[in-house]
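Understanding the architecture of this molecule
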Amino acid sequence: IFVEKPPCVNLEDLNLLSEVYKNQGNIEIGFNRRYVPINKKIKEIAKGKALIITFSVKEVLIEENHWYYWRNQGSRITGNLVHWIDLANYWIDSDLMSITLNTGRLSSEDISISIAYRNGSLVNITASDKGNSLRGVQELIEIRFDNETILIQDYLKYVHIKSSGKKVTRSFIIRDKGHTRMYKEFRNNLKTGTSNYSLKDLERTSSTTIRASKMLMEGQKYSSFPES
């Protein structure tokens, strides 16, 4: 079963999908950024590390009747920011401690989410539809750990500054956000009866997204895990 993002809008959805997993259902979730080669490389490089990650996301302008805004679809966090919540969870194998959320004074579409993890990792996601829209969704990512820094400039440039001071740089002509590789792996998994996306990943990403979306809609600024 291939499920497009978001896999879950509420806890009822999460419970239903969890039951499918527990009954040996083979499920893939459409989080394409997990399949980007440099994102896979980062997972190998940063395995077991406490990461400080900053995502700066230029969202696209959407109409007021877009499904992101439908009450039964959660919020824009559920509809799209879930991509970066899941990518952070892909890189960080740790349970969450808390979420802090802020919105701009003039627009709730200007969102800042901070997620603290039990292994010491900290993730900040800032998203807004402000800025030039010519290239659609754009993203700048900074990952810091130990004495190293990794930068991703809209998947057109990758920079890894190592502790030795050596800088590894790769540039790309086309932005690869993993879609083609995701569908190829899904096709291969159909032949073997396997899946890449685990129940633990589903529960961690979905519970984080559901909580953050609820905070946005209710005007809540802080929430801890387990819920206080």
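A brief report on the enclosed structure follows. This structure is a prediction, so every number in the text was calculated from the model and none was measured.

1. Some remarks on the pattern of salt bridges
Summed over all chains, the structure comprises 16 salt bridges. For Asp154, the salt bridge identified is with Arg135, shortest N-O distance 3.9 Å. Of this pair, Asp154 sits in the loop between β8 (148-153) and β9 (157-161) while Arg135 sits in the loop between β6 (122-128) and β7 (138-145), and the two are 19 residues apart along the sequence. Judged by its relative accessible area of 7%, Asp154 falls in the buried class.

2. Description of the nonpolar core
One finds Phe55 and Trp91 to be the most contacted residues of the largest nonpolar core, which totals 39 residues. Per-element accounting of this core gives the leading share, 8 residues, to helix α3 (residues 76-91). With sequence-adjacent residues up to four places away left out, Phe55 is seen in contact with Trp84, Leu87, Ala88, Trp91, Val123, Asn124, Ile125, Thr126, Leu140 and Ile141. In terms of nonpolar packing, the next biggest core, distinct from the first, is built from 12 residues, Val3, Leu17, Tyr21 and Leu202 among them.

3. Comments concerning the packing of aromatic side chains
Scanning the model with the defined rule gives 4 aromatic pairs in all. On the numbers, 5.5 Å between centres and 45° between planes, the contact of Phe2 with Tyr183 is tilted. With a gap of 181 residues between them, Phe2 in strand β1 (residues 2-3) and Tyr183 in helix α4 (residues 179-192) connect regions that are remote in the sequence. For the pair Phe31 and Tyr197, a centre-to-centre distance of 5.8 Å together with 40° between the ring planes defines the contact as tilted. With Phe31 in the loop between β2 (28-29) and α2 (37-45) and Tyr197 in the loop between α4 and α5 (199-218), this pair connects stretches of sequence that are 166 residues apart. The exposure class of Phe31 is buried, given its relative accessible area of 2%. Accessibility expressed as a relative area gives 3% for Tyr197, which makes it buried. Three or more aromatic residues joined by ring pairs make a cluster, and in this case those are Phe2, Tyr183 and Phe186. Over the aromatic face of Tyr90 sits the side chain of Lys43, whose NZ or CZ is 4.7 Å from the ring centroid. Directly above the ring of Phe225 sits Arg211, whose terminal nitrogen or CZ lies 4.0 Å from the centroid.

4. A look at the pairing of β6
Two strands pair when backbone bridges link them, and strand β3 (residues 52-58) and β6 are joined in this way by 7 bridges, in the parallel orientation. Of the residues in β6, the one forming a bridge with Ile53 is Val123. The hairpin formed by strand β5 (residues 111-117) and β6 contains 4 residues between the paired strands, and Gly120 there has a positive phi angle of roughly 100°.

5. What about the sheet that holds strand β10 (residues 167-171)?
Pairing is mixed in the open sheet, where 9 strands are placed in the order β10-β9-β8-β7-β3-β6-β5-β4-β11. Each having just a single partner strand, β10 and β11 (222-224) make up the two edges of the open sheet. Adjacent strand axes in the sheet meet at a mean angle of 10° when their direction is disregarded. Alignment of β9 against β10, held across 5 bridges, turns out to be antiparallel. Across the sheet, residue Lys157 finds its bridge partner in β10, namely Ser171. Across the sheet, α2 lies against β7, β8, β9 and β10, angled at about 15° from β9, the strand it touches most. Relative to the sheet, α5 contacts β4 (96-103), β5 and β11, its axis offset from that of β4 by approximately 35°.

6. Quick word on α3
Every α-helical turn comprises 3.6 residues, leaving residues that sit three or four positions apart pointing alike. Helix length check: α3, at 16 residues, gives a terminal C-alpha distance of 23 Å against a target of 22 Å (1.5 Å per residue), a fit within 8%. Residue Val82 marks the point of greatest curvature in α3, where the axis turns by about 55°. With 16 of 16 residues buried, α3 lies mostly within the body of the structure.

What counts, and at which threshold
- Residues numbered from 1 in each chain as written.
- Predicted model: local features only at pLDDT ≥ 70, side-chain atom pairs only at ≥ 80, totals over all residues.
- Heavy atoms only, no water.
- Salt bridge = Lys/Arg side-chain N within 4 Å of Asp/Glu carboxyl O.
- Helix = DSSP H or I, 4+ residues; strand = E, 2+ residues; numbered from the N terminus.
- Buried < 20%, exposed > 50% of the residue type's maximum accessible area, 1.4 Å probe, protein only.
- Core = buried A, V, L, I, M, F, W, Y, C linked by side-chain atoms within 4.5 Å.
- Contact = heavy atoms within 4.5 Å.
- Phe/Tyr/Trp six-rings, centres within 6.5 Å; stacked < 30°, edge-to-face > 60°.
- Lys NZ or Arg CZ within 6 Å of the ring centre and 35° of its normal.
- Pairing = 2+ DSSP bridges.
- Axes fitted to C-alpha atoms, helices over the stretch in contact; angles between N-to-C directions.
- Expected span 1.5 Å × (residues − 1).
- Bend = angle between axes of the 7 residues up to and from the residue.

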